[in-house]
Amino acid sequence: MNNQENILIEVKNIKKSFGDLYTLKDISIVLEKNHFVSIVGPSGCGKSTLFDVIAGLEKPDRGNVFIEGKNHNGKTGRVSYMHQKDLLFPWSNIIDNVCVPLLIKGYKKKDAANIAAKHFAAFGLEGFEKRYPSQLSGGMRQRAALLRTYLFADDIMLLDEPFASLDSITRKKMQLWLLKIWEQINASIFFITHDIDEAIFLSDRIYLLSPRPATVKGIFDIDIQRPRGSTVFTSEKFNHIKEEIFKLLY
Ligand SMILES: Nc1ncnc2c1ncn2[C@@H]1O[C@H](COP(=O)(O)OP(=O)(O)OP(=O)(O)O)[C@@H](O)[C@H]1O
Ligand SMILES: [Mg+2]
């Protein structure tokens, strides 16, 4: 059940087509303050499209996106958004890359660099300020992209499969890191993933979407105690939730 007072984002009955491609049929999802909510669904069902609608980059054909109670259909700028193919500019060093949102907001270059520099340690990037993306590991590049997202708007973040390209060991490390940092920054996160284990481990809630045209096929509230560590992956509760999700999936 949702706690009405804590609702930050309410996505209500969203429908979206691209020409004759019927993508989102009827999607209603909610993000509460300080919650971590995952969206899981088959490839091509419209998850990234849903984020584009929430971020205001695409207008829904029907339905509404409310952020803090206000209608945000087609309005950009309130939430930060890490795209699925979030690439850092290869020609800029890491500090310049992560400063982009601050420069857009009107900060002077030096002030932006000072603000960003404060977060390099927490994001595991200390000492790499002047390096270029090609000189970083895959995990570090993802952390740099996350830092850039965080610097755009630190309280509501949309993360579209941020770890998809990583090997499984790095991915696990990044999941543990993300939880740790999320517990410190008090952000509210919508997170897209294909990985059920990742979704359970990270989330307060999972919305399972159907194939296109997408509807919400299942809602799972994950009542695993926080802070969570790697032992969660082998716990009885974890496996039970996984079984319930698999029942709906296959
Ligand atoms: N701007 C667009 N114009 C036309 N069609 C689009 C556009 N954006 C997405 N689509 C189509 O909408 C459908 C859903 O795409 P979307 O990227 O939202 O899926 P997804 O669930 O994120 O998939 P994946 O898991 O592979 O990332 C796809 O068939 C895609 O080709
Ligand atoms: Mg996608």
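Numbering of residues starts from 1 in each chain and follows the order in which that chain's sequence is written. Going through the entries in the order they are written, you letter the chains from A and number the ligands from 1. The model is predicted, so local features are restricted to residues of pLDDT at least 70 and side-chain atom pairs to those at 80 or more, both for listing and for counting; the totals for chains, interfaces and linings are taken over all residues. Here the side-chain values reflect all heavy atoms present in the structure, with hydrogen atoms and water set aside.

Engineer: It is not clear to me how the domain arrangement of the protein should be interpreted in this structure. Could you clarify?
Structural biologist: Many descriptions give the size of an interface as the accessible area lost when the pieces come together. Residue ranges for the domains trace back to a domain assignment, done automatically or taken from a database. On domain assignment, one finds that the protein holds domain 1 (4–79 + 155–249) and domain 2 (86–152). Centre-to-centre separation of domain 1 and domain 2, based on C-alpha positions: 25 Å. The term buried area denotes the loss of accessible surface (1.4 Å probe radius) that occurs when two parts are joined, taken as the sum for both partners. Across the domain 1 to domain 2 interface the summed buried area is about 1,000 Å²; carbon plus sulfur atoms make up 79%. Of all residues in domain 1, Met157, Met174 and Trp177 bury the most surface against domain 2, accounting for 39% of the area lost on that side. When a carboxyl oxygen of Asp or Glu lies within 4 Å of a side-chain nitrogen of Lys or Arg, that pair is called a salt bridge. In this assembly, domain 1 and domain 2 are joined by zero salt bridges. Polar contacts, as counted here, are pairs of nitrogen or oxygen atoms within 3.5 Å of one another; within protein the pair requires one atom able to donate a hydrogen and one able to accept it, and residues that are adjacent in sequence qualify only if both atoms are side-chain atoms. Here domain 1 and domain 2 share two residue pairs in polar contact (both at pLDDT 80 or more) between them. We count a stretch as a helix when DSSP gives it H or I for four or more residues in a row; a strand needs E for two or more, and each element gets its number in order from the N terminus. The set of elements that each furnish at least two residues to the side of domain 1 that touches domain 2 consists of strand S7 (156–160) and helix H5 (168–185). When residues of the side of domain 1 that touches domain 2 are assigned to their parent elements, the largest contribution, five residues, is made by H5. Side-chain classes follow a simple rule in which Ala, Val, Leu, Ile, Met, Phe, Trp, Tyr, Cys and Pro form the nonpolar group, Asp, Glu, Lys and Arg form the charged group, and the remainder, Gly included, forms the polar group. Split by residue class, the side of domain 1 that touches domain 2 holds ten nonpolar, two polar and no charged.

Engineer: Could you clarify how one ought to interpret the coordination of the magnesium ion (ligand 2) in this entry?
Structural biologist: Looking at the magnesium ion (ligand 2), one finds its protein donor set to be Ser48 (OG) and Gln84 (OE1), positioned 2.1 to 2.3 Å from the metal centre. Of the two residues, serine 48 is situated in helix H1 (residues 47–55) and glutamine 84 in the loop between strand S6 (80–82) and helix H2 (94–104); the sequence distance between them amounts to 36 residues. Here serine 48 falls in the partly exposed class, since its relative accessible area comes to 23%. Among the residues examined, glutamine 84 registers a relative accessible area of 38% and is labelled partly exposed. The rule for donors is simple: N, O or S, within 2.8 Å of the metal, or within 3.2 Å if the metal is Na, K or Ca. Water isn't counted, so a site may look like it is missing partners. Burial classes: relative accessible area under 20% of the type maximum marks a residue as buried, over 50% as exposed, and values in between as partly exposed (1.4 Å probe, protein chains only).

Engineer: Which parts of the structure should I look at to understand the packing of H2 against helix H4 (residues 138–152)?
Structural biologist: Orientation is described by axes fitted as lines to C-alpha atoms, over the contacting stretch for helices, and by angles from 0 to 180 degrees between their N-to-C directions. Closest axis-to-axis distance for the H2/H4 pair is 7 Å, and the angle between their directions is 25°. One element, H2, and the other, H4, form an angle in the roughly parallel class. Remark: the crossing between H2 and H4 carries right-handed chirality. Packed against H2, whose contacting residues are Ile94, Asn97, Val98, Val100, Pro101 and Leu102, the element H4 presents Ala144, Leu147, Arg148, Leu151 and Phe152 at the interface. The cut-offs work like this: below 35 degrees is roughly parallel, past 145 is roughly antiparallel, 65 to 115 is roughly perpendicular, and the gaps in between are oblique. Handedness of a helix crossing follows the sense of rotation of the near helix relative to the far helix, less than a right angle counterclockwise being left-handed and clockwise being right-handed. Whether two residues touch is decided by their heavy atoms; if any such pair falls within 4.5 Å, the residues are in contact.

Engineer: Sorry if this is basic, but what is going on with unusual backbone geometry here?
Structural biologist: Glycine aside, a negative phi is what most residues show, and trans is what most peptide bonds show. The step from arginine 212 to proline 213 runs through a cis peptide bond, and the omega angle for that step is -5°. Looking at the secondary structure, you find proline 213 in the loop between strand S9 (205–209) and strand S10 (214–221). Its identity is not glycine, yet asparagine 34 carries a phi of approximately 60°, on the positive side. With respect to the helices, strands and loops of the structure, asparagine 34 is situated in the loop between strand S2 (21–32) and strand S3 (36–40). Within the chain, glutamate 68 stands out as a residue other than glycine whose phi angle is a positive 50°. On the secondary structure map, glutamate 68 appears in the loop between strand S4 (62–67) and strand S5 (70–71). Glutamate 68 gets classed as partly exposed once you look at its relative accessible area, which sits at 44%.

Engineer: Help me understand H1 in this model?
Structural biologist: For an α-helix, the turn length of 3.6 residues means that residues three or four places apart are oriented alike. With eight of nine residues buried, H1 lies mostly within the body of the structure. Those residues of H1 lying buried are Lys47, Thr49, Leu50, Phe51, Asp52, Val53, Ile54 and Ala55.

Engineer: Hey, could you run me through the pairing of S2 in this one?
Structural biologist: Two strands make a pair as long as DSSP finds a minimum of two bridges between them. Bridge count for strand S1 (residues 7–18) against S2 is eight bridges, and the pairing is antiparallel. Across the sheet, residue valine 11 finds its bridge partner in S2, namely isoleucine 29. Two successive antiparallel strands, S1 and S2, enclose a turn made up of two residues, where glycine 19 displays a positive phi of approximately 60°.

Engineer: Explain the environment of lysine 242 here, please?
Structural biologist: With respect to the helices and strands, lysine 242 occurs in helix H7 (residues 236–249). A C-alpha to C-alpha distance of 7.6 Å links lysine 242 and isoleucine 200, two positions 42 residues apart in sequence. When neighbours within four sequence positions are excluded, lysine 242 is seen to be in contact with Ile196, Asp197 and Ile200.

Engineer: I would appreciate a short explanation of the site of ligand 1 in the present structure.
Structural biologist: Nearness is judged by heavy atoms alone; a residue qualifies as near a molecule or strand once a single heavy atom is within 4 Å of it. Close to ligand 1 lie 16 residues; Ser43, Gly44, Lys47, Thr49 and Gln84 are nearest. A distance of 3.2 Å separates an oxygen atom of ligand 1 from a polar backbone atom of cysteine 45. A distance of 2.9 Å separates an oxygen atom of ligand 1 from a polar backbone atom of glycine 46. Throughout, the Shrake-Rupley method with a 1.4 Å probe supplies accessible areas, and for residues the shown protein chains are the sole cover considered. A total of 640 Å² of accessible area belongs to ligand 1 in isolation, and the protein chains cover 63% of it. Here the shell around ligand 1 gets three residues from one element, more than from any other, and that element is H1. A class-by-class count of the residues in the shell around ligand 1 yields four nonpolar, eight polar and four charged.

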